[in-house]
Amino acid sequence: MNKPYQKPAQDEPVWWFVISAGDILVTDDKQIPHGYLSELPMPDLREYKTVFIGELRERHCYLVIADFGDTNFSAVGDFISVRELITKDDDALFAMAARAKQVADFLATHRFCGRCGARMQAVDWELAMHCHSCQHRCYPRISPCIIVAIRRNNQILLARGKRHPEGLYSVLAGFAEAGEALEQTLAREVMEEAGVNIKNPRYVGSQSWPFPNSLMVGFVADWAGGEVRIDPFELEEGGWFDINKLPRIPGEGTIAHKLIMRVKAEIDQERNSES
Ligand SMILES: [Zn+2]
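What counts as what
- Residues numbered from 1 in each chain as written.
- Predicted model: local features only at pLDDT ≥ 70, side-chain atom pairs only at ≥ 80, totals over all residues.
- Heavy atoms only, no water.
- Core = buried A, V, L, I, M, F, W, Y, C linked by side-chain atoms within 4.5 Å.
- Buried < 20%, exposed > 50% of the residue type's maximum accessible area, 1.4 Å probe, protein only.
- Contact = heavy atoms within 4.5 Å.
- Donors = N, O, S within 2.8 Å, 3.2 Å for Na, K, Ca; no water.
- Pairing = 2+ DSSP bridges.
- Helix = DSSP H or I, 4+ residues; strand = E, 2+ residues; numbered from the N terminus.
- UniProt positions renumbered as here; feature names shortened; annotations may be inferred.

The next point concerns the nonpolar core. Core analysis: the biggest nonpolar cluster contains 50 residues, and F17, I24 and I53 have the highest contact counts within it. Contact partners of F17, with chain neighbours within four places excluded, come to I24, I32, I53, L56, C61, Y62, L63, V64, L93, M96, A97 and A100. I146, L172, L235 and W240 belong to the second-largest nonpolar core, a separate cluster that totals 15 residues.

In structure tokens:
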């Protein structure tokens, strides 16, 4: 079994996920640094915390935690937002970058025990922080968040969030609250944000969303009643859009895009079977 603080072998080409203040190091051609350490212009990594975080395309992946404003990696490339790694054809790479960002954030925010205040120690056989004073143990926090595309005949409900770029519309989303099943989160969030009832929710897929630690759980559901009333505290505007006359929507590679395309596929399929 691989342990979190094992070191890469000298003769092993690996993926290096270097995180600084939540951003990730990429080479000049926007790739994650990959290969033998001796062939990359990296600083001396003994000065840095490195964590084994998994495998990508049969190569080991290591997180390297760099300082805020660290310039020692400038010969390799630049730090960019992990968002820029979302593409339509490499879910696995984005997922590993999402993991690297979240593990770095976890280690940075769990240096002291939340129960008794003592310094915490990294567990050597699993990714966790442990307090030897009171035995409190913490794991990386993951926050489940539903995201749902709501369909009414040939239309889809889209809304513009207050932080969305101008003209960009997306599906509804919201965090699960303590004690809720996701079915309850779906019904509550959709009612709160848009004032409508839904039925027949169907699970489509999920995506780790490391801003900072969401797990987006994606559904398609059918409208079951109610006029759209957009919550002005969370959303700018929203309403029903013809599936063939969509506004600007989130890019390929996002779960939001996948859900919108799923609704379109359902509608297209029904039209084809009718004709
Ligand atoms: Zn403690």
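Additional details are given in the paragraphs that follow.
Time to look at the coordination of the zinc ion. Within the first shell, the zinc ion binds the protein through C113 (SG), C116 (SG), C131 (SG) and C134 (SG), at distances of 2.3 to 2.4 Å. For the zinc ion, all donor residues lie on one chain, and their spacing in sequence is C-x2-C-x14-C-x2-C.

The subject of this paragraph is the sheet that holds strand β9 (residues 137–138). Pairing is antiparallel in the open sheet, where 3 strands are placed in the order β7-β8-β9. Two strands close off the open sheet at either side, each with one partner strand: β7 (121–122) and β9. Bridge count for strand β8 (residues 129–130) against β9 is 2 bridges, and the pairing is antiparallel. Residue M129 lies in a different strand from β9, and its bridge partner there is C138.

Turning next to the UniProt feature "short sequence motif: Nudix box" (unreviewed entry) in the chain. Under the UniProt annotation, the feature "short sequence motif: Nudix box" (unreviewed entry) is placed at residues 174–195. The span residues 174–195 is 59% helix and 9% strand, and its two end C-alpha atoms sit 14 Å from each other.

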